[in-house]
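What follows is the residue order along each chain.
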2 protein chains.
Amino acid sequence: MNFFSSDFKLGILGGGQLGKMLLYETRKWDIQTKVMDPSPEAPCKIACNEFVLGDLLDFEKVYNFGKDVDLLTIEIENVNVEALEKLEEEGVKVYPQTKALRIIQNKATQKLFYTDHGIPTAPFVRFAYTSEIKDSIANGGLALPFVWKSAQFGYDGQGVKVVRAVEDLEGLPNVECIAEEMIAFKNELAVIVARSSSGELVNYPVVEMEFHPEANQVEYVICPARIDENVAQKAIDVALIVSENIGHVGLLAVELFQTQDDKILVNEVAPRPHNSGHYSIEASYTNQFEQHIRAILGLPLGKTDSKVAGIMVNLVGAEGHTGDVIYENMESILDMQGVTPHIYGKKQTRPFRKMGHVTIVDEDMARAREVAQQVKETIQVVSK
Amino acid sequence: MNFFSSDFKLGILGGGQLGKMLLYETRKWDIQTKVMDPSPEAPCKIACNEFVLGDLLDFEKVYNFGKDVDLLTIEIENVNVEALEKLEEEGVKVYPQTKALRIIQNKATQKLFYTDHGIPTAPFVRFAYTSEIKDSIANGGLALPFVWKSAQFGYDGQGVKVVRAVEDLEGLPNVECIAEEMIAFKNELAVIVARSSSGELVNYPVVEMEFHPEANQVEYVICPARIDENVAQKAIDVALIVSENIGHVGLLAVELFQTQDDKILVNEVAPRPHNSGHYSIEASYTNQFEQHIRAILGLPLGKTDSKVAGIMVNLVGAEGHTGDVIYENMESILDMQGVTPHIYGKKQTRPFRKMGHVTIVDEDMARAREVAQQVKETIQVVSK
């Protein structure tokens, strides 16, 4: 199969920042692309060969889109899987496959998959509706605190809430959900695994994540994680087991907890490029977006080692600011060593919205960490 | 000035591979762009915000294009400078400035500039027409062999020819030209200098270039050059003197000869991103395209150090092949460690046409050089 400067056409469902960064790689290799997104202001609108406006959950839209491409991938899980199943039946290649999407798309299904396969994960209870949780607490069936997670459509910190008291349930949507035991973890870790359509399997180094306490969004992603080598190996082993069991094609980002007694638990996974892998654009021999393209096209997978230490800082909208975006003090961070900002191109900011990220690379991890702190304290995503 | 996700619009004259790689950076920072190129199949046609078909040497086209942007830059020198001068007079920022373009665009003027400023360069004679050269040889005014260079419009190995006998002049265009003494150099080197509109000046490490003997195109660019430290420092010193004298804003790629007795001579310069800096995408802390954007926007310049050793191999069309392009053995080179192909997106190949490049990076230079050789021996740019 010839992909480069050819008639081959790759379809991408979703036109956000992940799609935008995938398009750097398709441009680099002159692979034709067609992208669908519901927003006329999607970051992917330019740099693809063809852009289609469409609801990713609409059966007809997704099906018709898929009929016009040679291979279909996603940059967001919330897509119409029934349409993808029909496309698969009709011979269209869909990576990740719908069987992987079915496991992952619904967080309750995903958790059941782990327990069914003996994969370590935090204890949880599934509820058909959030409203059932109060009864369960009253009956003594569920102990506070716990983490409430919507089974479907969680993204960007939405769909997840720490519940410390019954009142914290107020205002949550009355949907299928899980209540998960709060893990008093030492570290949140992640491992990105790539599996190609020819079965080749590679993993990136373990990264360490720090979350914003309120917004439940990653503040720093640090590669390599500053943890014991044995723990890192355990994290990689678990990630590879998850990957083999799911049998995906493309990337799988595996988020993990390192418990106080150094056990590794799977938190959740995403079958696509992931926020925890953005550091790879500047730090790795093969960045995660190129790796995803290699994997789904059945090309040999690239070297996952890092050239230098990498730290990623998310650029999220400041609290109290909604409207046309301005990036304050960009010049100051560009004056720091080894700093690369990525601006996704969303015109409107709002509190905690992911507007971009900044990567800091250095031969020396301690120095990178210092600069990352300076970046975080300097740049501000505000409205005009 | 606010450039990021704003109304600011950057104009780029030329839509080839250099423009295409500049657009990765404008996309990364969400800077609006408008590109003009004469070809409807220009590699820049997608990924800019606006594409205009137009002859870069047409006064009206260039002038009207410039009136619609906030800042104008180039990815090729062969543009209508009169139009740029009028735009400058009317307050449009043009980087590189027309005074720099005027010096560089004509190779005879460029050479005279070096001698006027005491900058070491190979001896040369200027001719108004190629036809005058025969007389000069007959009179004993010019000795064989020499290098014939068209004063204007040389690109991609065209416009340059080694003349060893009078017959070699047959078929050359009868244009303004220079005859330059052939330098028995030890090495061809290059140094990229960036100068920002605020006057900040930085240089990349010295790179070493190997040319294809017939096509006069670079085969390998090696960073850092495997030369003595004193020679490298001398090369950097000369490049900085050239840069300061020209007073450009943006990048200046300075090509140099290292003579047998380790003198440094300036060969020629280009006021834009350059083939000799492509390695920087994978190897440097700040790649040359981002650096050019930083320089012309007056942003702080980025760190020019390398993370790892880098070697670049040009992908040029194989001899005997003209037509729809195919990249043979791409999978084999993707299976090698630290290898990143860049495919420019030209649909038609022809002998020696620059179709892409491949970067090889490794912590170890010797290993990178071995892999580069394998890449060169493996991939073939042929027609269907």
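Residues numbered from 1 in each chain as written. Chains lettered and ligands numbered in written order. Predicted model: local features only at pLDDT ≥ 70, side-chain atom pairs only at ≥ 80, totals over all residues. Heavy atoms only, no water.

Going by the annotation in an unreviewed UniProt entry, the name recorded for chain A is N5-carboxyaminoimidazole ribonucleotide synthase, with Flagellimonas algicola given as the source organism. Of the comments in the UniProt record for chain A, the one headed Catalytic activity (unreviewed entry) reads "5-amino-1-(5-phospho-beta-D-ribosyl)imidazole + hydrogencarbonate + ATP = 5-carboxyamino-1-(5-phospho-D-ribosyl)imidazole + ADP + phosphate + 2 H(+)". What UniProt records for chain A under Subunit (unreviewed entry) is the sentence "Homodimer." (UniProt positions renumbered as here; feature names shortened; annotations may be inferred.)

J.: I tried to follow the overall build of chain A on my own but got confused; where do I start?
T.: When helices and strands are tallied, chain A shows eleven helices and 21 strands. The C-alpha radius of gyration computed for chain A amounts to 20 Å, which stays within 12% of the reference 21 Å derived for 384 residues, consistent with globular compactness. Each of the three principal axes of chain A carries a C-alpha extent, and together these read 60 × 55 × 45 Å. Taken over 384 residues, chain A has a buried fraction of 62%. A separation of at least 24 residues holds for 63% of the contacts in chain A among residues at least 6 apart in sequence. When the accessible surface of chain A is totalled, it reaches about 14,100 Å², and 46% of it is carbon and sulfur. In chain A, 37 positive and 55 negative side-chain charges are present, and the distance between their average locations comes to 3 Å. (Helix = DSSP H or I, 4+ residues; strand = E, 2+ residues; numbered from the N terminus. Rg over C-alpha atoms; globule rule 2.2 N^0.38 Å. Buried < 20%, exposed > 50% of the residue type's maximum accessible area, 1.4 Å probe, protein only. Contact = heavy atoms within 4.5 Å. Areas by Shrake-Rupley, 256 points an atom, 1.4 Å probe, with all protein chains shown as cover. Lys, Arg positive; Asp, Glu negative; His and termini not counted. Charge placed at Lys NZ, Arg CZ, Asp CG, Glu CD.)

J.: When you look at empty space enclosed by the protein in this model, what are you seeing that I'm missing?
T.: Over the atoms, a rolling probe the size of a water molecule traces out where space has been left empty. If you walk through the whole model with that rule in mind, you get seven cavities of 30 Å³ or more. Contributing to the lining of the largest cavity are 28 residues, with Ile281(A), Asn287(A), Glu25(B), Ile281(B) and Asn287(B) lying nearest its centre. Looking at the lining of the largest cavity, the elements that each hand over two or more residues are helix H1 (17–28), helix H8 (280–283) and strand E18 (339–343) of chain A together with helix H1 (17–28), helix H8 (280–283) and strand E18 (339–343) of chain B. Here the residues of the lining of the largest cavity sort into six nonpolar, twelve polar and ten charged. Contributions of two or more residues to the lining of the second largest cavity are made by H1 of chain A together with H1 of chain B. (1 Å grid on protein atoms, 1.4 Å probe; cavity = no way out; pocket = protein on both sides within 12 Å on 5 of 7 lines; lining within 4 Å. Points joined across faces, edges and corners; volume = space filled by probe spheres on them. Nonpolar A, V, L, I, M, F, W, Y, C, P; charged D, E, K, R; others polar.)

J.: Mind showing me how you'd approach the relation of the copies chain B and chain A here?
T.: Taken together, a rotation about one axis and a shift along it account for how the two chain copies relate. Screw-axis analysis of chain B against chain A gives a translation of 0.0 Å along the axis, an RMSD of 0.0 Å, and a rotation angle of 180 degrees. On this basis, the relationship between the two copies can be described by a two-fold rotation axis. Scanning chain B for the C-alpha nearest the rotation axis identifies Ala47(B), at a separation of 1.9 Å. Same-surface contact between copies: 100% of interface residues of chain B are shared with the interface of chain A. (Least-squares fit on C-alpha atoms with pLDDT ≥ 70 in both.)

J.: Please explain the domain arrangement of chain A as it appears in this structure.
T.: In many reports, interface size means the accessible area that the parts give up when they come together. Residue and element names in this part refer to chain A. Domain annotation for chain A reports domain 1 (9–94), domain 2 (123–181) and domain 3 (308–384). On a C-alpha basis, the centres of domain 1 and domain 3 stand 28 Å from each other. If you look at the interface, domain 1 gives five residues, while domain 3 gives eight residues. Of the roughly 510 Å² buried at the junction of domain 1 and domain 3 (both faces included), carbon and sulfur atoms supply 54%. Summed over the shared surface of domain 1 and domain 3, the number is zero salt bridges. In this structure, the connection of domain 1 to domain 3 is made through three residue pairs in polar contact (both at pLDDT 80 or more). For the side of domain 1 that touches domain 3, the per-class residue count stands at two nonpolar, one polar and two charged. (Domains from an automatic or database assignment. Buried area = accessible area lost by both parts, 1.4 Å probe. Salt bridge = Lys/Arg side-chain N within 4 Å of Asp/Glu carboxyl O. Polar contact = N/O pair within 3.5 Å; in protein donor to acceptor, adjacent residues only side chain to side chain.)

J.: What is the right way to read helix H3 (residues 81–89) of chain B from this model?
T.: Helical periodicity: at 3.6 residues per turn, an α-helix aligns residues three or four positions apart in one direction. Residues and elements named next belong to chain B. For H3, the complete set of buried residues consists of Val81, Ala83, Leu84 and Leu87. Buried positions in H3, seen along its axis, are confined to an arc of 155 degrees and lie on one side of it. Next to the buried residues of H3 lie strand E1 (9–13), helix H2 (59–67), strand E4 (71–74), strand E5 (93–94) and helix H4 (98–105). By the N-cap criterion, in which a side-chain oxygen at the helix start approaches the backbone nitrogen of a residue two or three places on, H3 is capped by Asn80, the distance to Glu82 being 3.1 Å. (Arc of directions from axis to C-beta.)

J.: Hey, could you run me through a negative patch on the surface in this one?
T.: Residues Asp305(A), Glu363(B), Asp364(B) and Glu370(B) make up a contiguous surface patch of negative charge. Take Asp305(A): it is sitting in the loop between helix H9 (288–297) and strand E16 (309–316). (Patch = residues over 30% accessible without salt bridge, like charges linked within 9 Å, V, L, I, M, F, W, Y side chains within 5 Å.)

J.: When you look at the packing of H1(A) against H1(B) in this model, what are you seeing that I'm missing?
T.: Axes are the key here: two packed helices are described by the angle between their axes and the distance separating the axes. Where H1(A) meets H1(B), the closest approach of the two axes is 11 Å, and the angle between their N-to-C directions is 175 degrees. Of the possible angle classes, the one that applies to H1(A) and H1(B) is roughly antiparallel. In contact with Lys20(A), Tyr24(A), Arg27(A) and Lys28(A) of H1(A), H1(B) contributes Lys20(B), Tyr24(B), Arg27(B) and Lys28(B). Among the residues making up the contact of H1(A) with H1(B), the classes are represented as two nonpolar, no polar and six charged. (Axes fitted to C-alpha atoms, helices over the stretch in contact; angles between N-to-C directions. Parallel < 35°, antiparallel > 145°, perpendicular 65-115°, else oblique.)

J.: Any chance you could explain the sheet that holds strand E21 (residues 380–383) of chain A here in plain terms?
T.: By definition, the strands of a sheet pair up through backbone hydrogen bonds, in either a parallel or an antiparallel sense. Residue and element names in this part refer to chain A. Overall, antiparallel pairing links the three strands, which are arranged E19-E17-E21 in an open sheet. The sheet terminates laterally at strand E19 (348–349) and E21, the two strands that pair on one side only. Alignment of strand E17 (residues 323–328) against E21, held across four bridges, turns out to be antiparallel. Within E21, the residue paired with Tyr327 across the bridge is Val381. (Pairing = 2+ DSSP bridges.)

J.: Before we go on, may I ask you to explain the environment of Val62(A) in this structure?
T.: All names here are of chain A. Summarising the element assignment, Val62 is placed in helix H2 (residues 59–67). When the C-alpha atoms of Val62 and Pro120 are compared, they prove to be 35 Å apart, with 58 residues separating the residues in sequence. In contact with Val62, other than residues within four places in its own chain, are Leu13, Met36, Asp55, Leu56, Asn80, Ala83, Leu84 and Leu87.

J.: Just to check I follow, could you spell out the state of the cysteines for this structure?
T.: Chemically, a disulfide is nothing more than a covalent bond linking the sulfur atoms of two cysteines. Residues and elements named next belong to chain A. A complete count under the given rule lists zero disulfides over all chains for this structure. Free of any disulfide, Cys48 has its nearest neighbouring cysteine sulfur in Cys44, separated by 6.5 Å. Overall, the relative accessible area of 5% leaves Cys48 in the buried class. (Disulfide = S-S within 2.5 Å.)

J.: Quick question: what am I supposed to make of the UniProt feature "binding site: ATP" (unreviewed entry) in chain A here?
T.: Residue and element names in this part refer to chain A. Taking the UniProt record as the reference, the feature "binding site: ATP" (unreviewed entry) is found at Lys107, Lys149, Glu180, Glu181, Met182, Ile183, Glu188, Asn267 and Glu268. Mapped onto the elements, Glu181 comes out in strand E9 (residues 177–181). Mapped onto the elements, Glu268 comes out in strand E15 (residues 264–270). Among residues more than four places away in sequence, those in contact with Glu268 are Lys107, Gln110, Tyr114, Lys149, Ala253, Val254 and Glu255.

J.: Honestly, the interface of chain B and chain A in this entry has me stumped. Any pointers?
T.: On the chain A side, the residues contacting the 45 residues of chain B number 45 residues. Across the chain B/chain A interface, buried area totals approximately 4,100 Å², and carbon plus sulfur atoms make up 54% of it. Of all residues in chain B, the largest losses of buried area upon contact with chain A belong to Arg27(B), Tyr285(B) and Leu334(B), amounting jointly to 16% of the total for that side. Connecting chain B to chain A are two salt bridges. The residue Lys347(B) makes a salt bridge to Asp30(A) at a minimum N-O spacing of 2.8 Å. Remark: the boundary between chain B and chain A carries 20 residue pairs in polar contact (both at pLDDT 80 or more). Contributing elements (two or more residues each) for the side of chain B that touches chain A: H1, helix H9 (288–297), strand E17 (323–328), helix H10 (330–334), E18 and strand E20 (354–362) of chain B. Looking at which element gives the most residues to the side of chain B that touches chain A, the answer is E18(B), with five residues.

J.: Would you explain the side chain of Glu255(B) in this entry?
T.: All names here are of chain B. On the secondary structure map, Glu255 appears in strand E14 (residues 250–259). Arg272 is the oppositely charged side chain nearest to the buried, salt-bridge-free Glu255, at an N-O distance of 6.8 Å. Side chain to side chain, Glu255 and His274 meet in a polar contact 3.2 Å long. If near-sequence neighbours (up to four positions away) are discounted, Glu255 is found in contact with Leu189, Ala190, Met209, Phe211, Leu265, Val266, Asn267, Glu268 and His274.

J.: Even after reading the chapter, I still don't get the pattern of salt bridges, so can you show me in this structure?
T.: Side chains that carry opposite charge are capable of pairing whenever their charged atoms lie near each other. All names here are of chain A. The full count for this structure, using the stated rule, is 50 salt bridges over all chains. Across the salt bridge formed by Arg102 and Glu85, the nearest N and O atoms sit 2.9 Å from each other. In this pair, Arg102 is assigned in helix H4 (residues 98–105) and Glu85 in helix H3 (residues 81–89), connecting sequence segments 17 residues apart. Here Arg102 falls in the partly exposed class, since its relative accessible area comes to 34%.

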